[in-house]
Amino acid sequence: MNTMLTKWTAGAAAALVLTGGAVFAADKTLDIGVSDALTGGAAVYGLPQANAVKMAAAEINAAGGIAVGGDTYMLNVIAYDDKANPTEASNAVRKLIDRDGVKFILGFCCSGATGAVASFIENEDAVMLVGNAAERSITTREIPNLVRTRPPADYTGAAAGTFVADKGHKRVAVLGALDVGFYASYVDAFEVELNKAGGEIISREAFSLKDRDMSPQLTKIREQQPDAILVVGYVEPAAFVYRQAVELGIDVPRYGFTSGSEEQFLRVASSEQMEGVWDLRPTELTLLSASDNGIAYHKNYSDTYGIAPSPSSPYAYDQTYALKDAIEAAGTVDDTQAVAAALRELAVPDEVVMQYLPVDGTMFDVNGQAYTSNGAFQWQSGNWVFVQDLPSDAAAYSAFLSTID
Amino acid sequence: MIEILQQIVNGVAIGGVYVLIALGLTTVFGILGIAHFAHGSVSMFGGYLTFFLVSGMGFPLLLAILVALLTGLVIGMAIEFLAYRPVRNANHINAFIVALGLTMMVEGLNLEFFGHEQVVIPTDLGRVFNIGGVTLPELRLYVILAAALLILAMTIFVEKTKTGQAIRAVAENRDAAILMGVNVNTIPLVVFAISTALGVCAGVMVGSLFAIAPGIGEGLVVKGFAVLILGGLGSIPGAVVGGLVLGITEALAAGFISSAYKDVIAFVVMITVLLVRPQGLMGKA
């Protein structure tokens, strides 16, 4: 009888501890913020990023949350639409910090909006994790509480210039969103490498985010008889460039820097019109090049949202896991300086999707910048197919980045 | 030379869209004196509806356009009857405010019904014709032909039919038209129906040539008013000439000066024309 009672008591106590533990864990919630373009022209990048953060948070919660000391925190994502607009982004981040009490802010697809927030985040008790925004200056300001998962545009532009020069093209026409700093810096770095090989950029034509009729610029380019075209810009206008180039009978290789998914391009151009187009970009997610994590990410995202993820969306997914590991390493959710410092010391988390190139063994270098390899992708029969790696010397670029004020 | 011709062809296609938008605006303004700002948003509604019918319901393109056109006719009459008629005899500022409110309302409805994503109306018109070095995509050719046909139909309707004569009579002298037995309550309904139908056609053209997305209608209506002023307020030939001038100027400016400033250059041309002819290209002094 006593034995039975002892067993029952022990079982009951164990159940109480487990149940109590579960209740205790459920009581701890950590709000994390997302500021991103959920609507408007840049939503093709921002919305998938916000979705990716939510998905990663759900996965982390399902796996037991974030362990800090004896506590376990479940993540709650508060997302605001910054429309890729600097003013809206500043307001969204102020709202997250001042009203919602958020200390960790993720997302940030676009450079203008991100730059605006970066200009004041250093003075805030918060940590900013930047995703797809590629403007170089974001990580040249030595902001201790800011890190970025995407490499700067010129890191990739130089690699792209070498690749195009190796293809034997001497006269390249550029058409792009050249009033956007990071696209311009991509082209500048591209041009340096092209010039080294004896090539040149014969024209630089611009389009804006809202432009859809590219035929005047393409007509001008057609008359210049380039060996190749380089298109740098947001997915939607870029897709119109590819489509209208075919309509105008321009039959030269088309290279680009867009990071759009197949689905995004096919909303505008047919697969036949896209055939053969190159995208020279960081080695982002594509189904055919992805790691096991990438394949799982693609499937989970598609199942959750009913649409394929954009190639750049894992930058935000990876932010979330980097944050989780940094919080656990720092052992605090309150001391943002400790978490920011832990991010700088962080090894690449096991769960990330992108293929990062650690610098001195850490995911983020001293500037808070992470690096992926660069890759050449080509549109083949309706899909982006990974063709080859592009030169990607993360350590050398990191040293260069440290020299810039 | 080929480049100039190509740019002109490029400009004619987009100019055709401007003409249709401006025709709708100019008839409303000419008859009723209303600056119908919601015209662009209603046009986009027509484009969205066509996209929905084709992509969501599997309608053939022509049937979808027909349904969108008929819907446009009804919406046009509803707008006149419910929004503008109550303020017809009030101060002009009332109609102005109604127009602004209507714009926000229709934009909001577009967002609610069709979402914020950019959509492109799918067509099977993928061939490209090459005429002496000038390329003409099949879709652009159909847009140019359709715009020309609609302009012709509109002209015949206004010039040759009894209703058209009544519309012109009301535009020239409303009181005299009443004395001549013209039903001045019916004419605005007809004008809004036609105007909206033309706008729907423009929306379909924009949606198939380029894309429909929130905000595009507002940009289009600004261009429409620019054409209206350039061609001459209330003038149908003025809308035609003004639309083509604006479209071709934009294309030539982007091709030969700078693509970054094509809108600026087009508006500079417009202002220059108005300095010389304040009444517009075809307006009456």
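Values in this document were obtained by computation on a predicted structure and should not be read as measured data.

Asks: Teacher, can you tell me more about the overall build of chain A here?
Replies: Check the secondary structure of chain A and you find 14 helices and 13 strands. Relative to its length of 405 residues, chain A is compact, with a C-alpha radius of gyration of 23 Å against a globular reference of 22 Å. For chain A, the residues scored as buried account for 59% of the 405 residues in total. In chain A, 70% of the contacts between residues at least 6 apart in sequence involve partners at least 24 apart. Looking at charge distribution, chain A has the averaged site of its 28 positive side-chain charges lying 4 Å from that of its 51 negative ones.

Asks: Looking at this structure, I do not really get the packing of helix 5 (residues 153–166) of chain A against helix 6 (residues 181–196) of chain A. What am I missing?
Replies: Geometry of a packed helix pair, given as the angle between the helix axes and the separation of the axes. Residues and elements named next belong to chain A. Orientation of helix 5 relative to helix 6, taken along the N-to-C sense of each, is 40 degrees, at an axis distance of 7 Å. Helix-helix and strand crossings are classified by hand; for helix 5 and helix 6 the assignment is right-handed. Of the residues in helix 6, those touching helix 5 at A153, D154, T156, G157, A158, A160, G161, T162, V164 and A165 are F182, S185, Y186, A189, F190, E193 and L194. In terms of residue class, the contact of helix 5 with helix 6 is made up of 10 nonpolar, 5 polar and 2 charged.

Asks: Is there a simple way to explain the domain arrangement of chain A in this structure?
Replies: Where interface size is quoted, it is often the accessible area lost as the parts come together. All names here are of chain A. With domains assigned, chain A is organised as domain 1 (11–151 + 290–372) and domain 2 (154–287 + 376–402). Computed over C-alpha atoms only, the centres of domain 1 and domain 2 are separated by 29 Å. The partner domain 2 presents 33 residues to the 36 residues of domain 1 that form the contact. With both sides pooled, the region where domain 1 packs onto domain 2 buries about 2800 Å², and carbon together with sulfur makes up 61% of that total. For domain 1, the biggest contributors to the area lost against domain 2 are Y45, R136 and P311; these three give 22% of the whole. Counting across the interface, domain 1 meets domain 2 through 1 salt bridge.

Asks: Would you take a moment to explain the packing of helix 3 (residues 61–84) of chain B against helix 8 (residues 186–209) of chain B for this structure?
Replies: All names here are of chain B. As a packed pair, helix 3 and helix 8 sit with axes 7 Å apart at the nearest point and diverge in direction by 135 degrees. The angle between helix 3 and helix 8 falls in the class oblique. Of the two elements, helix 3 crosses helix 8, and the hand of that crossing is right-handed. Judged by residue contacts, I65, A68, L69, G72, L73, G76, M77, I79, E80, F81 and Y84 of helix 3 engage P188, L189, F192, A193, I194, T196, A197, V200, C201 and V204 from helix 8. Of the residues in the contact of helix 3 with helix 8, the class split is 17 nonpolar, 3 polar and 1 charged.

Asks: Would you explain the pattern of salt bridges in this entry?
Replies: Charged atoms that come close allow side chains of opposite charge to pair. All names here are of chain A. Applying the stated criterion to the full structure yields 22 salt bridges over all chains. Between D81 and K83 there is a salt bridge; the shortest N-O distance is 3.8 Å. Using a relative accessible area of 43% as the deciding quantity, one classes K83 as partly exposed. Between E236 and R212 there is a salt bridge, with the nearest N and O atoms lying 3.4 Å from each other. A residue pair is termed long-range when its members are at least 10 positions apart, and E236 in helix 8 (residues 235–247) and R212 in the loop between strand 8 (200–206) and helix 7 (215–223) qualify at 24 residues. A relative accessible area of 8% means that E236 is categorised as buried. Through salt bridges with shared partners, a single network forms among R94, D98 and E124.

Asks: I keep staring at the environment of S43(B) and nothing clicks. Help me out?
Replies: Residues and elements named next belong to chain B. Mapped onto the secondary structure, S43 falls in helix 2 (residues 39–56). In sequence terms S43 and M282 are 239 residues apart; their C-alpha atoms lie 25 Å from each other. Sequence-distant contacts of S43, defined by excluding residues within four places in its chain, comprise I21, G199, V200 and G203.

Asks: Would you mind going over the sheet that holds strand 9 (residues 228–232) of chain A with me for this structure?
Replies: In a beta sheet, neighbouring strands are held together by backbone hydrogen bonds and run either parallel or antiparallel to one another. All names here are of chain A. Taken in spatial order, the 7 strands make up an open sheet running 8-7-9-10-11-12-13, and their pairing is mixed. Only two strands of the sheet have a single neighbouring strand rather than two, namely strand 8 and strand 13 (383–390). The average angle at which neighbouring strand axes cross in this sheet is 25 degrees, direction not considered. Sheet analysis places strand 7 (residues 171–176) next to strand 9, joined by 5 bridges and oriented parallel. Paired with V172 across the two strands is A228, which belongs to strand 9.

Asks: How should the side chain of Q319(A) be read in this particular structure?
Replies: Here Q319(A) is to be found in helix 12 (residues 314–330). The residues touching Q319(A), leaving out its near neighbours within four places in the chain, are V53(A), L106(A), G107(A), L129(A), V130(A), G131(A) and T149(A).

Asks: I tried to follow the interface of chain B and chain A on my own but got confused; where do I start?
Replies: In this complex, chain B contributes 27 residues to the contact, which on the side of chain A involves 24 residues. Carbon and sulfur atoms make up 48% of the surface buried where chain B meets chain A, a total of about 2100 Å² over both sides. Linking R140(B) and D213(A) is a salt bridge whose minimum nitrogen-to-oxygen distance equals 3.0 Å. Across the contact surface, chain B and chain A share 10 residue pairs in polar contact (both at pLDDT 80 or more). Of all elements in the fold, only helix 1 (2–32), strand 2 (134–137), helix 5 (138–160), helix 8 and helix 10 (236–256) of chain B reach the threshold of two or more residues within the side of chain B that touches chain A. At 6 residues, the largest contribution of residues to the side of chain B that touches chain A is made by helix 1 of chain B. Looking at the side of chain B that touches chain A, its residues break down into 13 nonpolar, 10 polar and 4 charged.

About the thresholds
- Residues numbered from 1 in each chain as written.
- Chains lettered and ligands numbered in written order.
- Predicted model: local features only at pLDDT ≥ 70, side-chain atom pairs only at ≥ 80, totals over all residues.
- Heavy atoms only, no water.
- Helix = DSSP H or I, 4+ residues; strand = E, 2+ residues; numbered from the N terminus.
- Rg over C-alpha atoms; globule rule 2.2 N^0.38 Å.
- Buried < 20%, exposed > 50% of the residue type's maximum accessible area, 1.4 Å probe, protein only.
- Contact = heavy atoms within 4.5 Å.
- Lys, Arg positive; Asp, Glu negative; His and termini not counted.
- Charge placed at Lys NZ, Arg CZ, Asp CG, Glu CD.
- Axes fitted to C-alpha atoms, helices over the stretch in contact; angles between N-to-C directions.
- Left-handed = near helix turned anticlockwise from the far one by under 90°.
- Nonpolar A, V, L, I, M, F, W, Y, C, P; charged D, E, K, R; others polar.
- Domains from an automatic or database assignment.
- Buried area = accessible area lost by both parts, 1.4 Å probe.
- Salt bridge = Lys/Arg side-chain N within 4 Å of Asp/Glu carboxyl O.
- Parallel < 35°, antiparallel > 145°, perpendicular 65-115°, else oblique.
- Pairing = 2+ DSSP bridges.
- Polar contact = N/O pair within 3.5 Å; in protein donor to acceptor, adjacent residues only side chain to side chain.

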